[in-house]
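# Descriptive structure summary
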Amino acid sequence: MVATIKDVAKKANVSISTVSRVLSNQMHVSSSTYKRIQDAVAELNYIPNSSAVSLVKKSSTTVLYADSFYKGRPYENPHMFDIISGSSHELRKKGYFLGLLDLDRSKEKSEEQIINAIQSKKADGILINGYYVTPAIEKVLLATDFPHICIGKPSFDSMLSWIDTNHSLSSNLAITHLVSLGHKKIAYIGDCSYEARYIGYYQSLINHNLPLDYSNIYPTSQTRQEGMQMMQVILQKKDLPSAIFCANDSTALGVFDCLKKHRRKGYIPSVIAIDNIKESEETKPMLTTIDIPKEEMAHHAVLLLLDHVRGGHKDAVRMELPCRLLVRESCSWCAG
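This one's a predicted model, so the numbers in the text were calculated from it and none came from an experiment.

Further remarks concern the confidence of the model for the protein chain. In this model, the protein chain carries an average pLDDT of 88, and 92% of its residues clear a pLDDT of 70 or more. Mean pLDDT in the protein chain bottoms out at helix α4 (residues 50-57), which sits at 50, and peaks at strand β10 (residues 288-291), which reaches 97.

Within the largest apolar cluster, 39 residues are counted, with the highest numbers of intra-cluster contacts made by L127, I149, I151, I186, Y201 and F245. No other element matches the seven residues that helix α13 (residues 294-309) contributes to this core. Apart from the residues within four sequence positions on either side, I149 is in contact with I126, L127, I128, S161, W162, I163, A301, L304 and L305. Of all hydrophobic cores here, the second largest spans 22 residues; its members include I234, L240, V255 and Y267.

In strand β8 (residues 243-246), alternate side chains face the same way, and those of A243 and F245 on one face and I244 and C246 on the other are all buried. Summarising the sheet, strand β6 (residues 186-190) and β8 pair through four bridges and their orientation is parallel. Bridge assignment links I186 to a residue of β8, and that residue is A243. Two elements, β8 and strand β9 (residues 270-275), share three bridges in a ladder whose sense is parallel. Bridged to F245 within β9 is I272. Handedness of the β8-helix α12 (residues 249-261)-β9 crossover: right-handed.

Take the sheet that holds strand β1 (residues 62-67) next. Spatially, six strands are ordered β2-β1-β3-β4-β5-β11 in an open sheet, and the strand pairing comes out parallel. Of all strands in the sheet, those with a lone pairing partner are β2 (97-102) and β11 (318-321), marking the two edges. In this sheet, adjacent strand axes meet at a mean angle of 20° when their direction is disregarded. Bridge count between strand β4 (residues 148-151) and strand β5 (residues 162-165): two bridges; the pairing is parallel. Its bridge partner being in β5, C150 is matched across the sheet by W162. Seen against the sheet, α13 touches β1, β3 (125-129), β4, β5 and β11 and runs at an angle of roughly 160° to β4.

At a minimum axis separation of 9 Å, helix α1 (residues 5-12) and helix α3 (residues 31-44) run at an interaxial angle of 130°. Between α1 and α3, the angle is such that the two are oblique. Crossing angle aside, the handedness with which α1 passes α3 is right-handed. Here D7, V8, K11 and A12 of α1 come into contact with α3, specifically with R36, I37, A40, V41, E43 and L44. Of the residues assigned to the contact of α1 with α3, the class counts are six nonpolar, no polar and four charged.

Another aspect to go through is the sheet that holds strand β12 (residues 324-326). Spatially, six strands are ordered β7-β6-β8-β9-β10-β12 in an open sheet, and the strand pairing comes out mixed. Edge positions in the sheet fall to β7 (217-219) and β12, since each of these pairs with one other strand and no more. When the angles between neighbouring strand axes are averaged without regard to direction, this sheet yields 20°. Strands in contact with helix α10 (residues 195-207) are β6, β7, β8 and β9; relative to β6, the strand with the most contacts, it is inclined by about 170°.

Relative to the 18 Å expected for 13 residues at 1.5 Å per residue, α10 spans 18 Å between its end C-alpha atoms, a close match to the ideal helical length. All of the buried residues along α10 are R197, G200, Y201, S204 and L205. Down the axis of α10, the smallest arc covering the buried residues is 130°, so these residues share one side. Pointing more than 90 degrees away from the buried face of α10 are the exposed residues E195, I206 and N207. Those residues of α10 that are buried are in contact with α9 (167-180), β6, β7, β8 and β9. N209 occupies a position one or two residues after α10 and carries a positive phi of about 60°.

Reading guide: rules and limits
Residues numbered from 1 in each chain as written. Predicted model: local features only at pLDDT ≥ 70, side-chain atom pairs only at ≥ 80, totals over all residues. Heavy atoms only, no water. pLDDT = per-residue confidence, 0-100. Helix = DSSP H or I, 4+ residues; strand = E, 2+ residues; numbered from the N terminus. Core = buried A, V, L, I, M, F, W, Y, C linked by side-chain atoms within 4.5 Å. Buried < 20%, exposed > 50% of the residue type's maximum accessible area, 1.4 Å probe, protein only. Contact = heavy atoms within 4.5 Å. Pairing = 2+ DSSP bridges. Right-handed = clockwise from strand over helix to strand, strands pointing away. Axes fitted to C-alpha atoms, helices over the stretch in contact; angles between N-to-C directions. Parallel < 35°, antiparallel > 145°, perpendicular 65-115°, else oblique. Left-handed = near helix turned anticlockwise from the far one by under 90°. Nonpolar A, V, L, I, M, F, W, Y, C, P; charged D, E, K, R; others polar. Expected span 1.5 Å × (residues − 1). Arc of directions from axis to C-beta.

See the structure below:
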């Protein structure tokens, strides 16, 4: 027969409400009482009812993840599902559940969706893709003191809490590695939404006393198809770059596709990117890339968010996680 909270209360010789509040961390009791309750739970193999605990806590035990989930999105933002999976795993360990808030692709409509979700208070907190965060959303989050963490630094000067990696440093690691191999003419293929990665690219060139040649910059979206198309443009040039730096792995895989399909005699550029998606180590050649700590990001985001949910930190928290260079086959030769 399945044990109930009433059975636990009877065995521990306390009230049902005391058991419920102790199990939901809403009540401090003496160490002896706490031990009796925990012993009773273990002996009876009692599994708390999450709905009942939620009522006591006045909590939904749900955290929302706000992002846009349209067809092809995993190719544009390959980290999304790694972070979602990691966040869901961390939340389950803490007795919470992750719900998805599917945002409209337009910022105007997504802004309204996020504000409605916050004001409805149907969730205990929210993880938001920093791309969709606006000043209006910030205003509501701060006014309601709604627990939140932005996944990615907002694009404006914000007082919100966020977690991210240092994108400029990521680019610096990539360019510094190429320069160490003797490369001086380094092309950049990347999307304008990766502004910090582009800034890191040109600042690193300056730091290494290399000229910033705008003819070597190829703005594009972060898809594999676009990477292939941009590499085709590069192959039409007479003065070819000895190395290609891509703002993300998907673009770099498109570069590989182009080089395999449209070979130019004697031309084998070094290729490096940022992200470390699964495909980057399965391709031939394996892609040299900068690893973004996705699992750590999810882990810390959940811990920071739940600390806020439980009445912990009140000040904004900003966290930049370190990245690391993974040297593989695509940068295996030195430039002359």
